[in-house]
Amino acid sequence: MTTLPLPLARTDVRRAFLGNLAASSGETAMRFLLGLALARLLQPADLGLFAMATAVFGIAQLLRDFGVSAYLQREPALTPQRFSACLGLLACTTLAALSALLLGAGPLAELLGQPDLAPLLRVLALGLPVSAFGSVMAALQLRELAAARIAKVSWLGVASQAVVALALSAKGAGALGLAWAQVAATVACGLAYAGWRPTALPWRPAWQGWGEVLRFGAASLVASGLAGLHASLPDLLLGRLSAPHQLGLLGRAQATVNLLQVVAGQALNFGVLPVLAGRHARGQALAPVLCRATALLTGLGWPLLALTVVYREPVVRLLYGPAWLDCTPAVLPLALVAALALAFTQFGAALAAVGRPELAAWPTAVSLVARIGFGAAMFDGSLASFAWALCLAAAVALPVQLGIAARCLGLRPRELLGAVGGSALAALAVLVVPWTLAPLAGLAALRWSHHPLLDELGQLMRRRMTSRK
């Protein structure tokens, strides 16, 4: 019987990661540049309204996926029967999500107090069927660690989105033009993936054999659904409490603290789930891998976040222009949220790898409730008050995350603290010196703490020198 196994070779994983890092960095940088251009073509209210629409659409996509993408990446032996069952389940969930979004766009827009939201949701809904196919193909490519293919499709998608978004924004289409640009990117990616369908798997939906997929998908959906709602809540809540203008400012503040995504792009999580699932299948502990990954991510990200906080006004003025300086009071609390998130970037994938994806829902649920409570209680009309509410919510969820990591992944708080200690020292070092000396201060702190990031960079440089010979 034909099966599609998981790749387990460490050298293949490292090569795929580096390839994806190089490709996705350029792709994410292109998205970042597109954001800079749109910030000068559109008003904050336009970007805020589109942020609300994408928040709602993101939740619809999670419900449509129903954990199928994670199942396709995790299943050790993907047989034709299991693949057909995945397609059948995905066809039903896509139809349900599409119908709900088209029919509920008007009432939902009224509920959120933004009537102009309805046409955007209807336009975005048109891309759901194509995005379902794209999500299956992306999961299969991630399963095979096919970095080059993923990069090509991503580049095509962002290029299509940029062309349509800039053209329609220049003509005054506003937020609706951004919605059509998103649909154009989805269609372009779907067409690109169509030529790489694996011939070993039958592309025929099956209406039986759903049990195994449903069991995993339901557990995964609880965690991913809450995570999606958690990510979308700031846009939805602030859009309900205030005006799209404030929401547009929040988006620019979030983009400012997420500059690490421009540096590393999608490579931060590339192939994590299949790699961890393969390690767990061999009976190997995940805690050492998670400690090293956390150290690498925070070693790169925390000093960058520290610099962003110190020089937030010049950064915002340079990137977006003086019209967006009102977003700077939100940078510090949002940077603290991003710092905590970096320390737990791969924990959701690790829980899915050990077959307990539903546990990731607990810290998300705690933070979700805290965001609603703190947001409603602390919001005084200023962007800073809302951002600090998000920061407090992240802090409330921290003990829950630590407890689950210790109990289910074997990663004790002391080990995690040791993994991020050098990163915290590097972030502190760049804070206390002039920006011209910040790189040297950060490197000195990393070397003094024997940070594994330096070992990784050394291996990369040696490999590059060897390849040149």
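- The protein is annotated in an unreviewed UniProt entry as O-antigen/teichoic acid export membrane protein of Roseateles saccharophilus.
- Turning to the protein, the UniProt annotation filed under Subcellular location (unreviewed entry) states: "Cell membrane".
- Its UniProt record gives the protein the following Sequence similarities (unreviewed entry) comment, quoted word for word: "Belongs to the polysaccharide synthase family."

## Regarding the overall build of the protein
- In terms of helices and strands, the protein carries 21 helices and two strands.
- Looking at the protein as a whole, 51% of its 469 residues qualify as buried.
- Of the contacts formed within the protein by residues at least 6 apart in sequence, a portion of 84% connects residues at least 24 apart.
- In the structure as shown, the protein presents an accessible area of about 20900 Å², 67% of it carried by carbon and sulfur atoms.

## Considering the pattern of salt bridges
- Taken as a whole, this structure holds two salt bridges when the rule is applied.
- A salt bridge links arginine 64 to aspartate 65; the shortest N-O distance between them is 4.0 Å. As far as burial versus exposure is concerned, arginine 64 and aspartate 65 are alike and both buried.

## Describing the side chain of threonine 328
- Following the sequence through the fold, threonine 328 ends up in the loop between α14 (312-320) and α15 (331-343).
- Those residues in contact with threonine 328 that lie beyond four places of it in its chain are Arg312, Glu313 and Val316.

## Quick look at the UniProt feature "transmembrane region" (unreviewed entry) in the protein
- Per the UniProt record, the feature "transmembrane region" (unreviewed entry) sits at residues 41-63, 83-108, 120-140, 289-311, 331-352, 359-379, 385-404 and 416-437.
- Split by type, residues 120-140 is 90% helix and 0% strand. Its first and last C-alpha atoms lie 30 Å apart.
- Helix makes up 96% of residues 289-311 and strand 0%, whereas the separation of the span's terminal C-alpha atoms amounts to 33 Å.

## Some details on the nonpolar core
- Among the nonpolar cores identified, the biggest contains 96 residues, and Leu117, Trp302, Leu305, Tyr320, Leu334 and Leu411 are the most heavily contacted of them.
- When residues in this core are grouped by element, the largest group, ten residues, is from helix α2 (residues 44-65).
- Dropping the residues within four chain positions of it, leucine 117 is found in contact with Leu49, Met52, Ala53, Ala109 and Leu112.
- In this structure, Ala70, Val136, Leu140 and Ile150 belong to the second largest nonpolar core, which totals 26 residues.

## Points about a nonpolar patch on the surface
- A cluster of nonpolar residues, Val310, Leu425, Leu428, Leu431, Val432 and Trp448, forms a patch on the protein surface that exposes about 610 Å² of accessible area.
- Top element by residues in the nonpolar patch is helix α19 (residues 413-431). It accounts for three residues.
- With respect to the helices and strands, the residue tryptophan 448 is situated in helix α20 (residues 438-448).
- Overall, tryptophan 448 belongs to the exposed group, its relative accessible area being 68%.

## Comments concerning the packing of helix α13 (residues 287-310) against α15
- It is at 9 Å that the axes of α13 and α15 come closest, and there the two elements cross at 175°. By the angle between their directions, the pair α13 and α15 is classed as roughly antiparallel. Contact with α13, carried on its side by Thr294, Leu297, Thr298, Gly301, Trp302, Leu305, Thr308 and Val309, involves Val331, Leu332, Ala335, Ala338, Ala339, Leu342 and Ala343 of α15 and no other residues of that element.
- Residues belonging to the contact of α13 with α15 are distributed by class as follows: eleven nonpolar, four polar and no charged.

## Describing the packing of α2 against helix α5 (residues 117-125)
- In contact at an axis separation of 9 Å, α2 and α5 are set at 50° when each is read in the N-to-C sense. Of the possible angle classes, the one that applies to α2 and α5 is oblique. Crossing angle aside, the handedness with which α2 passes α5 is right-handed. Contacts from Leu49, Phe50, Met52, Ala53, Thr54, Val56 and Phe57 of α2 reach α5 at Leu117, Leu120, Leu121, Leu124 and Ala125.
- Classifying every residue of the contact of α2 with α5 gives eleven nonpolar, one polar and no charged.

## A short note on the side chain of glutamine 246
- By the secondary structure assignment, glutamine 246 is in helix α10 (residues 244-257).
- Residue glutamine 246 is classed as buried on the basis of its relative accessible area of 14%.
- Ignoring sequence-local partners within four residues, the contact set of glutamine 246 consists of Leu238, Gly381, Ser382 and Leu383.

## A look at the confidence of the model for the protein
- Across the protein, pLDDT averages 79, with 84% of residues at or above 70.
- This stretch, residues 7-14, has a pLDDT under 50; its non-local contacts, to residues over four places away or in other chains, come to eleven contacts.
- For the stretch residues 16-20, pLDDT sits under 50, and the model shows 14 contacts to residues farther than four places along the chain or on other chains.

## Some remarks on the environment of glutamine 182
- Considering the arrangement of structural elements, one finds glutamine 182 in helix α8 (residues 175-194).
- In this structure glutamine 182 comes out as partly exposed when scored by relative accessible area, which is 25%.
- As for glutamine 182 and valine 164, which are separated by 18 residues in sequence, their C-alpha atoms are 8.6 Å apart.
- Residue contacts for glutamine 182: discarding those within four places in its chain leaves Leu124 and Gln161.

## Considering the environment of leucine 390
- Inspection of the secondary structure puts leucine 390 in helix α18 (residues 383-408).
- With 56 residues separating them in the primary sequence, leucine 390 and leucine 334 have C-alpha atoms 7.5 Å apart.
- Beyond its immediate chain neighbours, meaning those up to four positions away, leucine 390 contacts Pro234, Leu334, Val337 and Arg371.

## Some words on α20
- Within α20, the full set of buried residues consists of Ala438, Ala441, Gly442, Ala445 and Leu446. Each buried residue of α20 lies within a common arc of 135° when the element is viewed along its axis, so the set occupies one face. Residues Pro439, Leu440, Arg447 and Trp448 are exposed on α20 and point more than 90 degrees away from its buried face.
- Where α20 terminates, the next one or two residues include histidine 450, which has phi positive at roughly 55°.

## Notes on α2
- Under the 1.5 Å per step criterion, the end-to-end length of α2 is 31 Å for 22 residues, consistent within 8% with the ideal 32 Å.
- Where α2 terminates, the next one or two residues include phenylalanine 66, which has phi positive at roughly 55°.

Conventions adopted
- Residues numbered from 1 in each chain as written.
- Predicted model: local features only at pLDDT ≥ 70, side-chain atom pairs only at ≥ 80, totals over all residues.
- Heavy atoms only, no water.
- UniProt positions renumbered as here; feature names shortened; annotations may be inferred.
- Helix = DSSP H or I, 4+ residues; strand = E, 2+ residues; numbered from the N terminus.
- Buried < 20%, exposed > 50% of the residue type's maximum accessible area, 1.4 Å probe, protein only.
- Contact = heavy atoms within 4.5 Å.
- Areas by Shrake-Rupley, 256 points an atom, 1.4 Å probe, with all protein chains shown as cover.
- Salt bridge = Lys/Arg side-chain N within 4 Å of Asp/Glu carboxyl O.
- Core = buried A, V, L, I, M, F, W, Y, C linked by side-chain atoms within 4.5 Å.
- Patch = residues over 30% accessible without salt bridge, like charges linked within 9 Å, V, L, I, M, F, W, Y side chains within 5 Å.
- Axes fitted to C-alpha atoms, helices over the stretch in contact; angles between N-to-C directions.
- Parallel < 35°, antiparallel > 145°, perpendicular 65-115°, else oblique.
- Nonpolar A, V, L, I, M, F, W, Y, C, P; charged D, E, K, R; others polar.
- Left-handed = near helix turned anticlockwise from the far one by under 90°.
- pLDDT = per-residue confidence, 0-100.
- Arc of directions from axis to C-beta.
- Expected span 1.5 Å × (residues − 1).

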